[in-house]
Amino acid sequence: MATSAEAPTPPQAHPATPASPQPPGTPGPRPRRRRPSWAGLWFVLPFVACYALFLLWPSLTMFVDSFTNRSLAGGETSWVGLDNWATVLTDPAMWQSLWITLLFTLISVPPLVILGLALALLTDHARRAGWFLRLSFFAPFVLPVAVMTEIWGFMYQPGFGIINQYLGALGLPQPEWLGSENTVLIAIVIATVWWTVGFNFVLYLAALQGIPRETYDAASIDGSGAWQRIWHVTLPQLRRTTVLVIVLQMIASLRIFDQAYLLGGHFGGPNFASRTIIHYVYETGFVNFQIGMASAMAWVFFVIIGLISVFQFRLLTRNED
Amino acid sequence: MPEHRTPHQHSTTRGRSPHRIPGRPFGRVTTGSLVLYLVAISAAVFWLAPLLWALSTATKPEGETNAIPARWIPTDPTLEHVAQVLGRGEVLRWILNSVVVSSLVTLLTLVLCCLAAYGFSRCVFPGRAWVFALVIGGILIPPQAVIVPQFILMTQLNMVDTYWGIALPQVVTPIFVFILKRFFDGIPRDYEDAARMDGAGHLRVLFSVILPLSRPILAAVGIFVFIGAWNNFLWPFVVVQDPDLMTIPVGLGTVASDYGLQYAPSMAAAVIGALPLLIVFLLFQRQIVTGIAGAGIKG
Amino acid sequence: MRDASPTQPGSGLARRGFLKSSFVLAGLGLAACTPADAVLDTRVRLRQWNLFSGGDGNRMIQMHEDFQAQHPDLDFRATTFEWGAPFYTKVAMAAAGGRAADVATVHLSRLASLAPGRLLDPVDEGLLAEAGIDASVFLPNVWEQCFHDGQLYAIPLDTHTHIQYFNPEICAEAGLLDGDGRLTEVNGLEEFLDMCREIAQVTGDMAVSLDTTYSWPIFWAMFRQQDGELSFTDDDFHLDDEAAYTAFEALYRLSEEGLAPRFADGQGATSNFDNLQAGLLLQGNWEIASFEATGTPYSATQMPNFFGNRRTRGDAHCFVLPHQENRDRDRTRAALTYAAWMVRNSLSWGEGGGHIPAYQPVVRSEEYQPLEPHVHYAEAAANTEFEPEAWFSGSASQLQSEAAAALNGIHAGTATPKDALHQFRRSLRSLVTTPAPV
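Residues numbered from 1 in each chain as written. Chains lettered and ligands numbered in written order. Predicted model: local features only at pLDDT ≥ 70, side-chain atom pairs only at ≥ 80, totals over all residues.

An unreviewed UniProt entry lists chain B under the name Carbohydrate ABC transporter permease, with Lipingzhangella rawalii given as the organism. The Sequence similarities (unreviewed entry) comment attached to chain B in UniProt states, word for word, "Belongs to the binding-protein-dependent transport system permease family." The UniProt entry for chain B carries this comment under Subcellular location (unreviewed entry): "Cell membrane". (UniProt positions renumbered as here; feature names shortened; annotations may be inferred.)

Per an unreviewed UniProt entry, chain A goes by the name Sugar ABC transporter permease and belongs to Lipingzhangella rawalii. UniProt, in its Subcellular location (unreviewed entry) section for chain A, records the words "Cell membrane". Its UniProt record gives chain A the following Sequence similarities (unreviewed entry) comment, quoted word for word: "Belongs to the binding-protein-dependent transport system permease family."

Encoded structure:
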């Protein structure tokens, strides 16, 4: 427990130790001191009230609205039974946008995780350039999404766009990027990786720098090389972080809207190839005014995301044991 | 499992020791490390290239922006586009709006989540387990899925096109209640026992015992929430139509300026829009990276 | 770290910190009611929203500067949104929220889809007359379109159409100009393709630039040039398959042969023409302003004769009053003053924006007659074809975005004309079977 001894106060030394919520040597909670009272309710009430009003209540009204023909333009609202659900569940465009969301997740998670790890390993080894590397890899993460998409939209321009100019100079094919339904999602993934890999990079970097030196010392006695050290010592130590990064990344990727909307275009990209499910909900509810229909659609997404989240949550908690 | 700890950043401040590359004298240049540094620096420069390209384009005369072949160094650098964007004032207004909204969201989140976390961690009240389960269940609700009913609610509360309308729904983040509660649970009770013997009530225990001990996690959560609110796009995009109230990502993403068809001023606007958080990041690099890692790992 | 202990004075410090932040919070609360700078201004607030992000946007800004200079008692500000659905969505959502802009420019074809009476507030004809505008200054058929359920909802500004721009230098080099410097007229698609091939020889790149993300106007021109019919009934539609197929095929051939871009958005389409990568550009008359600004050599003429005539696609712009929960009479009056001023001064709009003013005194004026290159496409107004009326039809409508999806594949080469027709028919089917939300 060398680290905790050096630290000024025990809790501060463990800002990130969920595995051991009670530092050794400190007494646990003392139930005898706790008398039931209503005081606690006042503490949780402000949050719970906001939570109920802004998250729970809308989720409920969304369910009710899904059985009506409510329109953004107002006017008479009447019950339509299961019509919206029937339309939504048989709408190929809805399934297409769900598939695009899933596809985006499948294509974006591996590079985001692997590159995050690779950049972190690089930074961890090239220590003397540490601040510069950290700056370069993480800086894009603090850009507002519209800045990122403006820059990449400009770079993706066919003809004079800088990416295709260099591809042309290297004698490589010059894709239409955002202009073709075959490449638009890839283009969005590339831009997303550039933009957000810094987050995973930072998580990995923190994990790497938390690996105790003894582990390395033991390995170096065996005279193993750098690659072997990474493979046999570092990577196994990062397993927990990797699960965490993958789960967080999947949650983020499944909720994609911003960059797809701004890069692919408000119309959802060529032939709707970049219209994600949230985009379709937005379009149905706000562009086309069909609040009832959008509510049913959002519930489908809601349930799917919910199921995936429960699965991931179990993965995470099992991993913590 | 060996003495493995979840990563934490505090060791890095004093962990600047040569033990990283075991068995190798600090400072000796080998081919391996030369290659390593070469690869690392190239990767970093490559990563910065889009930003540099935006900066370069912003300072070019418009005619040069779509030149073939591309020129990285403008032949005749100019600040006219920057002046043009600043002269219109809307980007500055959006930055101001972002400051207001992000501060509001951060403060409210910290206050509400700390109170709730304290309540769940330190108080016993009827139905606590149920309420806590309800809050934790909220982690599973993707806020993106409820934009439609949230907007309808905002029209009913008359909050469309107001700062409150942007901020309040962003404050409801159950995950931070969970994180903070877990942290508070780990704080030994000895500290507050002394205070309680002095007759301190819950509020005093929270503000004079728990919160001072929780500074690192509060900073982490605060930084995380602030950056998140600053860069949040979807909700402000939905609830704000009035350009006077837009935050920076929404303003840049939806308002087509009179220079909409020109790349140089667009890039100038993008660079100016990115600047505030970039500067903050440059100044507080270590704290922000630590905060993100802290909140991210806990989350 | 001494304040870790609760008995240390540091605890008081933390509380003071909390008090301080409470004050900040309270201050923010006050600020959160209104935009920061609106508090001090006593002038009448007037906010205008528009979608003129093309070349005509610059001219509108000049006009707005003049308007502001002549009306110092108004705190006027205009905002341009991204053209199309993003703009209409903002107008509708703002109106639903009750704090919309005071006045907005929309397409006349979209009036019905904006739920007049709910998302749009009616225009008081009396107030408008006070501002100096009434039925007598517009063409009767245009004025009639501004009514919904017997109430006035719109004030017409202009008519606009898609036209054909050409670069005189490139076309001269290709030997395509006559003695007057006018572009040789083609007769039919094959002649047009031949002309394009010659231009491509000169540019070494493509021949005719167009916005592949929004080539509906060109499709519609080609479709209507063949007398193609599209009509809607309550739950069905009629589409002339052959004419639609021929139009899809013509666009497919243009991109397939490299004569037109595979991908270009509005910005890119104009850039191609600016960059001399193309000698022709099929785009709306509003781009005149941007060529005047960049100094690209250009002239213009009507839409090419692809199928026996020179019909083209067009629409009209008008001013509307989005719904406000607490409508203020002074601001409404200011909004109508503004609209009337813009209409009366639309010579500038026509000259710089390329649009054909709705205000008849301007159209008949001597200043308007000799404008270049407007005179060369003046007839286009008579050749303008509108889409059929439906809640999903009109500029930037669902109909257009569904068609655009089919057309993207045509240009990119990922869909054949047959695929596109199939997809378009499927979209029409789903549109007509959706219950109208307005």
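Anyway, onward from the coordinates.
**Topic: the overall build of chain B**
Along its length, chain B carries 15 helices and 0 strands. A buried classification covers 56% of the 299 residues belonging to chain B. (Helix = DSSP H or I, 4+ residues; strand = E, 2+ residues; numbered from the N terminus. Buried ≥ 20, exposed ≤ 12 C-beta atoms within 10 Å, placed from the backbone.)

**Some points on the overall build of chain A**
Counting its secondary structure elements, chain A contains 15 helices and 0 strands. Buried positions account for 51% of the 321 residues belonging to chain A. Pairs at least 24 residues apart make up 67% of the contacts formed inside chain A by residues separated by at least 6 positions. (Contact = placed C-beta atoms within 7 Å.)

**Concerning the interface of chain B and chain A**
At the junction of the two partners, chain B supplies 104 residues and chain A supplies 110 residues. Counting residues per element, the side of chain B that touches chain A draws most heavily on helix α2 (residues 31-58) of chain B, at 14 residues. For the side of chain B that touches chain A, a count of residues per class yields 70 nonpolar, 25 polar and 9 charged. (Nonpolar A, V, L, I, M, F, W, Y, C, P; charged D, E, K, R; others polar.)

**A word on the UniProt feature "transmembrane region" (unreviewed entry) in chain A**
Residues and elements named next belong to chain A. UniProt feature "transmembrane region" (unreviewed entry): in the numbering of this structure it lies at residues 38-57, 98-123, 135-155, 184-206, 238-257 and 296-316. Taken end to end, residues 38-57 has its terminal C-alpha atoms 24 Å apart, with 95% of it in helix and 0% in strand. Strand forms 0% of residues 296-316 and helix 100%; the C-alpha atoms that close the span are 30 Å apart.

**Looking at the environment of E150 of chain A**
Within the secondary structure layout, E150 of chain A lies in helix α7 (residues 145-155). For the pair E150 of chain A and L263 of chain A, spaced 113 residues apart in sequence, the C-alpha separation works out to 7.8 Å.

**Observations regarding the packing of helix α5 (residues 92-125) of chain A against helix α6 (residues 130-138) of chain A**
All names here are of chain A. Running from N to C, α5 and α6 cross one another at 160°; their axes reach a closest spacing of 9 Å. By the angle class used here, α5 and α6 are roughly antiparallel. Regarding α5 and α6, the two cross each other, and that crossing is left-handed. Facing α5, whose interface residues are L119, L122 and T123, α6 presents G130, L133, R134 and F137. Residues that form the contact of α5 with α6 fall into these classes: 4 nonpolar, 2 polar and 1 charged. (Axes fitted to C-alpha atoms, helices over the stretch in contact; angles between N-to-C directions. Parallel < 35°, antiparallel > 145°, perpendicular 65-115°, else oblique. Left-handed = near helix turned anticlockwise from the far one by under 90°.)

**Some remarks on α5 of chain A**
The terminal C-alpha atoms of α5 of chain A, which comprises 34 residues, lie 49 Å apart, in line with the 50 Å expected from a rise of 1.5 Å per residue. The sharpest bend along α5 of chain A comes to roughly 30°, located at S108 of chain A, with the proline P110 of chain A sitting one to four residues further on. (Expected span 1.5 Å × (residues − 1). Bend = angle between axes of the 7 residues up to and from the residue.)

**Here we look at the UniProt feature "transmembrane region" (unreviewed entry) in chain B**
In the numbering used here, UniProt assigns the feature "transmembrane region" (unreviewed entry) to residues 34-55, 94-118, 130-152, 164-184, 205-230 and 263-284 of chain B. Span residues 205-230 of chain B is 96% helix and 0% strand, its end C-alpha atoms 32 Å apart.

**Things to note about the interface of chain A and chain C**
The interface is formed by 28 residues belonging to chain A together with 31 residues belonging to chain C. Among the residues forming the side of chain A that touches chain C, the class breakdown is 11 nonpolar, 15 polar and 2 charged.

**So, the pairing of strand β2 (residues 74-80) of chain C**
Residue and element names in this part refer to chain C. As defined by bridge partners, strand β1 (residues 44-50) adjoins β2 across 7 bridges and the pair is classed as parallel. Among the inter-strand pairings, L46 is bridged to a residue of β2, identified as F76. What joins β1 to β2 is helix α2 (residues 55-70), and the crossover it makes is right-handed. (Pairing = 2+ DSSP bridges. Right-handed = clockwise from strand over helix to strand, strands pointing away.)

**A word on helix α14 (residues 263-283) of chain B**
Along its 21 residues, α14 of chain B runs 29 Å from first to last C-alpha, staying within 8% of the 30 Å computed at 1.5 Å per residue. Along α14 of chain B, the largest kink reaches about 45° and is centred on L275 of chain B; proline P276 of chain B follows within four residues of it.

**Concerning the nonpolar core**
Ranked by internal contacts, the top residues of the largest apolar core, which has 317 residues, are A298 of chain A, A116 and L180 of chain B together with A92 and V208 of chain C. Counting the residues that make up this core, at least three belong to each of domain 1 (15-157 + 316-377) and domain 2 (164-314 + 397-432) of chain C. Other than its neighbours up to four places away in sequence, V208 of chain C contacts C196, L254, L259, A260, A278, L280, L281 and L282 of chain C. (Core = buried A, V, L, I, M, F, W, Y, C linked by C-beta atoms within 7 Å. Domains from an automatic or database assignment.)

**Some details on the packing of helix α4 (residues 90-122) of chain B against helix α8 (residues 174-185) of chain B**
Residue and element names in this part refer to chain B. Between α4 and α8, whose axes approach to 8 Å, the crossing angle comes to 50°. When the interaxial angle is binned, α4 and α8 end up oblique. Relative to α8, α4 is oriented so that their crossing is right-handed. On α8, the residues touching T109, C113, C114, A116, A117, Y118, F120, S121 and R122 of α4 are F176, V177, L180, K181, F184 and D185. Along the lines of polarity and charge, the residues of the contact of α4 with α8 split into 10 nonpolar, 2 polar and 3 charged.

**Quick look at the confidence of the model for chain A**
A low pLDDT means the predicted coordinates there should not be read in detail. Averaged over every residue, the pLDDT of chain A is 85; residues scoring 70 or more account for 86%. Here residues 1-32 of chain A is modelled with pLDDT under 50, and outside its nearest four sequence neighbours on either side it reaches 56 contacts, counting other chains as well. (pLDDT = per-residue confidence, 0-100.)

**Digging into the environment of Y37 of chain B**
With respect to the helices and strands, the residue Y37 of chain B is situated in helix α2. On the basis of neighbour count, Y37 of chain B is assigned to the partly exposed category, with 18 C-beta atoms found within 10 Å. Along the chain, Y37 of chain B and V209 of chain B lie 172 residues apart, while their C-alpha atoms are 46 Å from each other. Residue contacts for Y37 of chain B: discarding those within four places in its chain leaves A126 and A129 of chain A.

**Side note on the confidence of the model for chain B**
For chain B, mean pLDDT is 86; residues scoring 70 or higher make up 87% of the total. Low pLDDT (under 50) marks residues 1-26 of chain B, which in the prediction has 41 contacts with non-local residues, meaning those over four places away or in another chain.

**Digging into unusual backbone geometry**
Residue P373 of chain C is reached from E372 of chain C by a cis peptide bond, and omega for that bond is -5°. In this fold, P373 of chain C is placed in the loop between α14 (360-364) and β15 (384-385).

**Regarding the pairing of strand β11 (residues 280-284) of chain C**
Residues and elements named next belong to chain C. In terms of burial, β11 is largely enclosed, as 5 of its 5 residues are buried. The pairing of strand β7 (residues 155-166) with β11 spans 5 bridges and is classified as antiparallel. From the neighbouring strand, Y165 faces β11, where its bridge partner is L281. As judged from the 3 bridges shared by strand β8 (residues 208-210) and β11, these two strands associate in the parallel manner. When the bridges of β11 are listed, V208 appears paired with L280.

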